[in-house]
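Letter by letter, the chains look like this.
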Number of protein chains: 4
Amino acid sequence: MHAVVLNCTLKPFPQPSHTALLAQVVVEELERLCVSVDVVRVVDQLVPPGIGTDLGDADDWPRLHDQLLRSAILVLASPTQLGRPSSIAQRVLERMDAMRGETDDAGRPVAYNRVAGVVVTAQEDGAQHVISEIAGALVGLGYTVPGQGWTYWNGGPGPGPSYADTDDGHAWSERTGRTMARNLHAVAQAMAGAPMSAPPSR
Amino acid sequence: MHAVVLNCTLKPFPQPSHTALLAQVVVEELERLCVSVDVVRVVDQLVPPGIGTDLGDADDWPRLHDQLLRSAILVLASPTQLGRPSSIAQRVLERMDAMRGETDDAGRPVAYNRVAGVVVTAQEDGAQHVISEIAGALVGLGYTVPGQGWTYWNGGPGPGPSYADTDDGHAWSERTGRTMARNLHAVAQAMAGAPMSAPPSR
Amino acid sequence: MHAVVLNCTLKPFPQPSHTALLAQVVVEELERLCVSVDVVRVVDQLVPPGIGTDLGDADDWPRLHDQLLRSAILVLASPTQLGRPSSIAQRVLERMDAMRGETDDAGRPVAYNRVAGVVVTAQEDGAQHVISEIAGALVGLGYTVPGQGWTYWNGGPGPGPSYADTDDGHAWSERTGRTMARNLHAVAQAMAGAPMSAPPSR
Amino acid sequence: MHAVVLNCTLKPFPQPSHTALLAQVVVEELERLCVSVDVVRVVDQLVPPGIGTDLGDADDWPRLHDQLLRSAILVLASPTQLGRPSSIAQRVLERMDAMRGETDDAGRPVAYNRVAGVVVTAQEDGAQHVISEIAGALVGLGYTVPGQGWTYWNGGPGPGPSYADTDDGHAWSERTGRTMARNLHAVAQAMAGAPMSAPPSR
């Protein structure tokens, strides 16, 4: 089983990403469950704005799109910016929008029988809303979101330290991240054994 | 397999509920798949505000809570009020909040291995946001939300006819509702065959 | 100048309301600015579901509606329940919806030239989303929301103490609450001196 | 009085922008009120991800930031992508975030005494949520959002024509856009006559 983690931090490599640190807990638990995991920092890729799968020469999205199609599990990881998903996370969702019209040999939208989870860090407050926004969009594309298929860390109220600047709350966020990994794996396995069918033609 | 539909319209029986009409499409498709379905109009029950499962004598919630625990499938149906889930839908979620702390014999939150979907009607615009808000809350409680586990109908922009006042868009909303029913059923069956485990203790 | 604070806690009097404590900071700053303030705990009133201003005998809303029309300033205060505004807050918004169709002698929607702010407490994460949901609805009704016209307190990640159970973050939330009070007062005064006109008839 | 409209369409010039068409109604009404208006299509500017005001050589944001500081009125216009603000709109908000820490000579956050409105088009459903998300973020930065300080157009349910592909609902969206322009102008004028003060130092 394969998983891909799209880290939607605003910071290009090699700047440290707080979101990557929390996502790593999920990655390690998935690997413990024998899932192979790729992690992509999307801001380091060239992903221009638009709504098609392939926008031409200077577009790294087609390769990311291929990774999505090879992965039973997607983890979308985002910081919270002004209480909302990062512009990189929204960019990813916009480029994924074309998947609504792409079907497999059995006529199923390509996201069917795949599961998705969300990892969010928030310097202030807002992580749960970011989870809802991203999970809601992914369900619309055809991904199944398992119960407790997320983890988050938040600070606040008001400005304060980021995730890696403190240990406060880490134990909860990490345990919740391990739960998320197990739930993603369990539901992905269940759907592999008994997959969803194509939608009715009318 | 059993399902329960909680219709969160503001209108007590026997007033007609537009949301009920669209939910009925989902009910009939579930029945075609041999799922038995109960439909409850929550506004006709006594569900006082609060966050425990049993708030005392004048509280119909414990009976609804029992129905949730007997049902592999939950459909939460809500109108859109000022672009948001109805106060009845939010009331239901608040009362469900206690389920986060309730576990089965295997130590699993009671919503694990259950699936949930959302049906929304909107006189104006706003149905997709209502879906996200409700689905996001249900995933947090432990429910799994299948890909395309929702249907909606919306009007707008601005004031206009309600669902039953027009035929516009019904074909899409109904076909999407039948898809939703099949997806709920498929994922519920998959999870019955290969259920989620209890979260890690630490 | 008059203000009304609608506290949308789920807890009836005399249970302590964390949200009331933070709202009180705003109340006191408004009083320092010579604004008279009424505070109403809505859960102690009879406010049935529906969308008209007067739903008959057992309806306390018409009296609350009168208070809104006597007040240049509205403060809507809500706890965060599953990351969303409380069912009481949503109930209030639903009952306020009728105000969209009510106009004054000059043909202006009755909420024009009134300002609104939001106070939110969250045991976990979610306060900023609750602010956005409530402020967004109030702007739709015709209320003007001043810059930084809110304050909040949040805990989290995960379960933890409520507002009054800790001192963490109080200084920020209180200072932000005093700012909010001044901003509400300043914009209400500005609009009193130079009011909005009726919308164009076409 | 000066206004700036930031059109956050995903489509670079010279592709037609549906959002631009609806925003133009607001522009023309503002001009009728003797406001000078600049319209910027942000996707045609180089606005890299990040959270500071000036990210170096290849960054057009400092010039846009200057325009914001010269404008009493901001109109943020966005399409709806998967029910959410476009990645360009979120990018703009992220770059505006630094304004929270920038103050004028009187110690006021630079967004104080400025007003903001929102224009949204949605091929399906979702426009009102996009308005709430953007307006909520702008209030957090210090902008005042006047009552009915927005207009929108939406289609749906499900896929359908875009704004310019139909005349349905245009009359309502345009009249609402003219109202929005008048309300932005009225509140900007009121605040110019009686401005907000600096926040309390503690």
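## Describing the side chain of D:His129
Part 1 of the reasoning: Summarising the element assignment, D:His129 is placed in helix H4 (residues 127-141).
Part 2 of the reasoning: Leaving out residues up to four positions away in the same chain, D:His129 has contacts with A:His129, A:Glu133, B:Asp125, B:His129, C:Glu133 and D:Gly83.

## Overview of the interface of chain B and chain A
Note on interface size: it is often stated as the accessible area lost on association of the parts.
Part 1 of the reasoning: Chain B puts 34 residues into the contact, and the matching count from chain A is 34 residues.
Part 2 of the reasoning: Of the roughly 2600 Å² buried where chain B meets chain A, counting both sides, 60% is carbon and sulfur surface.
Part 3 of the reasoning: At the surface where chain B touches chain A, the tally comes to zero salt bridges.
Part 4 of the reasoning: At nine residues, the largest contribution of residues to the side of chain B that touches chain A is made by helix H5 (residues 170-193) of chain B.
Part 5 of the reasoning: The residue makeup of the side of chain B that touches chain A, split by class, is 17 nonpolar, 12 polar and five charged.

## A short note on the relation of the copies chain D and chain C
Part 1 of the reasoning: Least-squares fitting of chain D to chain C yields an RMSD of 0.0 Å, with the superposition described by an axial translation of 0.0 Å and a rotation of 180°. Those values place the two copies in the arrangement expected of a two-fold rotation axis.

## Regarding the pattern of salt bridges
Pairing of side chains with opposite charge becomes possible as their charged atoms draw close.
Residue and element names in this part refer to chain B.
Part 1 of the reasoning: In total, this model carries 31 salt bridges over all chains according to the counting rule given.
Part 2 of the reasoning: Note that Asp-59 is salt-bridged to Arg-95, the shortest N-O span being 2.6 Å. Here the residue Asp-59 occupies a position in the loop between strand S2 (36-41) and helix H2 (61-70), and Arg-95 occupies one in helix H3 (residues 87-96), the gap between them amounting to 36 residues.
Part 3 of the reasoning: A relative accessible area of 8% means that Asp-59 is categorised as buried.

## Section: the interface of chain D and chain C
Part 1 of the reasoning: On the side of chain C, 34 residues touch chain D, which itself brings 34 residues to the contact.
Part 2 of the reasoning: Overall, the association of chain D and chain C removes approximately 2600 Å² of surface from exposure, summing both partners, and the carbon and sulfur fraction of that is 59%.
Part 3 of the reasoning: Its largest share of buried area at the contact with chain C, chain D owes to D:Val139, D:Gln148 and D:Pro200, together 20% of the area lost on that side.
Part 4 of the reasoning: Run the count over chain D and chain C and you get zero salt bridges.
Part 5 of the reasoning: Elements represented by at least two residues in the side of chain D that touches chain C include exactly H4 and helix H5 (170-193) of chain D.
Part 6 of the reasoning: Sorting elements by how many residues they give to the side of chain D that touches chain C places H5(D) first, with nine residues.
Part 7 of the reasoning: Class assignment of the residues belonging to the side of chain D that touches chain C gives a composition of 17 nonpolar, 12 polar and five charged.

## Describing helix H2 (residues 61-70) of chain C
Note: α-helices contain 3.6 residues per turn, so residues at a spacing of three or four share the same orientation.
Part 1 of the reasoning: Residues of H2(C) that are buried include every one of C:Trp61, C:Leu64, C:His65, C:Gln67 and C:Leu68, and no others. Burial along H2(C) is one-sided: seen end-on, the buried residues are contained in an arc of 155°.

Rules and cut-offs
- Residues numbered from 1 in each chain as written.
- Chains lettered and ligands numbered in written order.
- Predicted model: local features only at pLDDT ≥ 70, side-chain atom pairs only at ≥ 80, totals over all residues.
- Heavy atoms only, no water.
- Helix = DSSP H or I, 4+ residues; strand = E, 2+ residues; numbered from the N terminus.
- Contact = heavy atoms within 4.5 Å.
- Buried area = accessible area lost by both parts, 1.4 Å probe.
- Salt bridge = Lys/Arg side-chain N within 4 Å of Asp/Glu carboxyl O.
- Nonpolar A, V, L, I, M, F, W, Y, C, P; charged D, E, K, R; others polar.
- Least-squares fit on C-alpha atoms with pLDDT ≥ 70 in both.
- Buried < 20%, exposed > 50% of the residue type's maximum accessible area, 1.4 Å probe, protein only.
- Arc of directions from axis to C-beta.

It is worth stressing that arrangement in space is one thing and function is another; only the former is reported here.
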